[in-house]
Structures are given as structure tokens and as C-alpha cells.
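Residue-level listing of the chains:
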Amino acid sequence: MMKGMESELKDLNSKPPKSNGNINTVRDDRPLLKSDSVSSSTTNAVDLQDLEKKFAPYVRRDVYGTMGRGDLAPKEKLLLGFALVTLLPIRVILATTVLVVYYLICRFCTLFSTPNREDEQDDYSRLRGWRRSVIVWCGKVLSRAMLFVFGFYWIPESTTSFTQENKPQSEEMERPGVIISNHVSYLDILYHMSSSFPSFVAKRSVAKLPLVGLISKCLGCIYVQRESKSSDFKGVSAVATERIQEAHQNKYAPLMMLFPEGTTTNGDFLLPFKTGGFLAKAPVLPVILKYNYQRFSPAWDSISGVRHVIFLLCQFVNYIEVIKLPVYYPSQQEMDDPKLYASNVRRLMASEGNLTLSDIGLAEKRIYHAALNGLFSQC
């Protein structure tokens, strides 16, 4: 729904932290695409294997294959065809209805209200009283309803525990300032909206989208121009840090929600974390999302948005599992070193969620997509 709402609080002054090396993404100097082959089909298969080895965090392994363009079995074609003419239109109508209803609720609650325009942001997250209560409660309920429409009929949640030596004595200081989550799909946003209704970081263009634009303002999104290399980016980072500190100190302020990987994966890996969410020195709440599947993977990795939505809505049942970790309280050393803080939280999440650490990121993902497009254009 809001595919641009990825965390882009990049650490401009440091390189991504290295992993322990237990990862399939081995760097080498071989070309991504080979040209000296006898058979084009054989060559494409070999090239694809090399790409999947290099860029394992973005590889799809469901029945629909790479980029959702794999050869389907007759039974799968029959199921897909049936869902296209029955399940898909019903879900599209229901999802549109839920979206429009929540937009109208947000429109009503923001009538005669002036949005907050501090730090060049434009949002309604500072509303108080019944207006804010209605926006938050309806947002949680309708986000869960949207997930239900998409086939996520039940969402099991589990919690883990670990010993912490830095837990503060004051209850006020125990409150986290930001939720840190792995990023697998645009569906992550719907889950977090249904769970805690936090503020996100979004592309500035999201604010201008029909229906979704007003909803993002009610969430209190921080807008960033992803294509811009100007100092505007530093301003957004500063705003996010202030929001995190405010949420930590004020129980009425909305929590921030960040995806520190900066992009989506296939759900089996954890990419290096950007340090933007750790600059505030506030406690963080780690949450791990895992999408189990039998046919189509809900992960949005190397498949186009339109194709992904169609296949998702044509799958009768979808699954998501949520693992919530305790609030992580940084040590003094971690507060003094945001990179260390981010790295330690990342390793904890990988351990608790049984995820593999990877040392590649968004740049390698773009290379992988370009290589895949080159391969499929030859077919």
C-alpha cells in the first residue's frame, strides 16, 4: 500500500558493519552476465545461479520463481486462474472499501484542524482528545481488517526474553522511543499500524497521494526526498532523532517506527543497520516479522509491485509470525557509539529470529535487479 515508506535514515559518515561471514553473499570479480556460452538457455541458468549466490538476501524461492516469472505447474495455473476471477476482485473491492472508510474518518477528524508544520513537516500526529483517539483506534482496527482481507486471518505473536544489565529503575525511562523492525514487505507497515500505530519515514511524494496522503499525515510520517542529496536529508535525520527522544520521554507522543536495513529482503536475512534510529540514545523495541508460505512468498524482494499484489491477493491464505523482543536499553558505550548500538541490536535480532547476517545492502539489490532484467530480456 505504501511501498515507499522505508527507512532511509542513512549513516553518511560510516560504512555498513561487517558480519561474521556466515553468509552466502560472497564477493568476487566475476562478471554478473556471461557472454561466452554455447547454449543461451544453459548460460542463463548458470548466470542465475551465480546471481543467487551473490545476492542471496533478495532471491525468491517460492513456486512462482525469480521475479515471479517462473514456470508454473498445471495445478498452480488452475488455482491461480480460479483466484483471478473470484478471489481477486472480491479482495480488491473490500480493500478499497476499507481504505476509503479510513480516509473519510481521517478527513472528518481533521476538519477545522491545522496540521503541524514544524521542521517543514506536515502532519496531524499532535492532535489531542477524541480526534486523536478515533484516528488511532480506527487505524489499528482497519489495518487489521485490511490484513484480514489480504488473507492474514490470524497473526501469532510471541515474546522472547534476555538478561539486561542496563535496565533503568524509573518506569518513565523504560519506555522505548522507536520500534526497530526487519523489513520484508510493504505489508510490514499494515502490521505495525494495527499493533502500535507508529510514525514512519516516507517519501515526500507519499503525502500527495490520493487517500493515502492524508492517512500518512495522521500517522505523523516524516517525509524525505529520497532522490535528493542535499542537506534536507540531515534535517530529516534530526527530526527523527527529536521524535524518538520525545516518544521516549512523553507517553502521549507517537512512537517512531524505523526499518534500519533501508530496503526489503526475502525474510531470511538481516542487512546492515543504518544508525539513524540509534542517534537519540533512547531504548528501542526490536520486532521481527517472518512470513511463512507454501506457494507464494509475501516478501517484496525481486518482484514488481503490481505482480506482487496480484499474486498475494490470489493466495487463499497468507501467514505472518511476529516475534517481539523486550525493550533494549543501551549501555553508556552504546550511547556513545551509535554504530555499536545498531550492530548489537542487529545481532540480537538475528539470533532471536534465526536470521542470517548479510553485509550487502540497497546498492547490491539494485545491481541484482538490473542483472535479472538483463537475463529475462534475453529470453
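Definitions and limits used
- Residues numbered from 1 in each chain as written.
- Predicted model: local features only at pLDDT ≥ 70, side-chain atom pairs only at ≥ 80, totals over all residues.
- Heavy atoms only, no water.
- UniProt positions renumbered as here; feature names shortened; annotations may be inferred.
- Helix = DSSP H or I, 4+ residues; strand = E, 2+ residues; numbered from the N terminus.
- Patch = residues over 30% accessible without salt bridge, like charges linked within 9 Å, V, L, I, M, F, W, Y side chains within 5 Å.
- Areas by Shrake-Rupley, 256 points an atom, 1.4 Å probe, with all protein chains shown as cover.
- Salt bridge = Lys/Arg side-chain N within 4 Å of Asp/Glu carboxyl O.
- Buried < 20%, exposed > 50% of the residue type's maximum accessible area, 1.4 Å probe, protein only.

Visitor: Any chance you could explain the UniProt feature "transmembrane region" (unreviewed entry) in the protein here in plain terms?
Guide: Under the UniProt annotation, "transmembrane region" (unreviewed entry) lies at residues 78-105 and 134-155. Taken as a whole, residues 78-105 contains 96% helix and 0% strand, while its terminal C-alpha atoms sit 40 Å from one another. Between the C-alpha atoms that bound residues 134-155 there is a distance of 24 Å. The span itself is 73% helix and 0% strand.

Visitor: Any chance you could explain a nonpolar patch on the surface here in plain terms?
Guide: Together, L84, V85, V306 and I310 line one region of the surface with nonpolar side chains, adding up to about 360 Å² of accessible area. At the level of elements, helix 2 (74-85) and helix 9 (305-313) are the ones that each hand at least two residues to the nonpolar patch. Here V85 is to be found in helix 2. Residue V85 is classed as exposed on the basis of its relative accessible area, which comes to 63%.

Visitor: I would appreciate a short explanation of the pattern of salt bridges in the present structure.
Guide: Under the defined criterion, the tally for this structure stands at 6 salt bridges. R243 is the partner of D123 in a salt bridge, and the nearest nitrogen-oxygen pair spans 3.1 Å. Here R243 lies in helix 8 (residues 232-249) and D123 lies in the loop between helix 3 (87-109) and helix 4 (130-149), a separation of 120 residues in the sequence. Both residues of the pair, D123 and R243, belong to the buried class. When salt bridges that share partners are traced, they join R60, D62 and D301 into one network.

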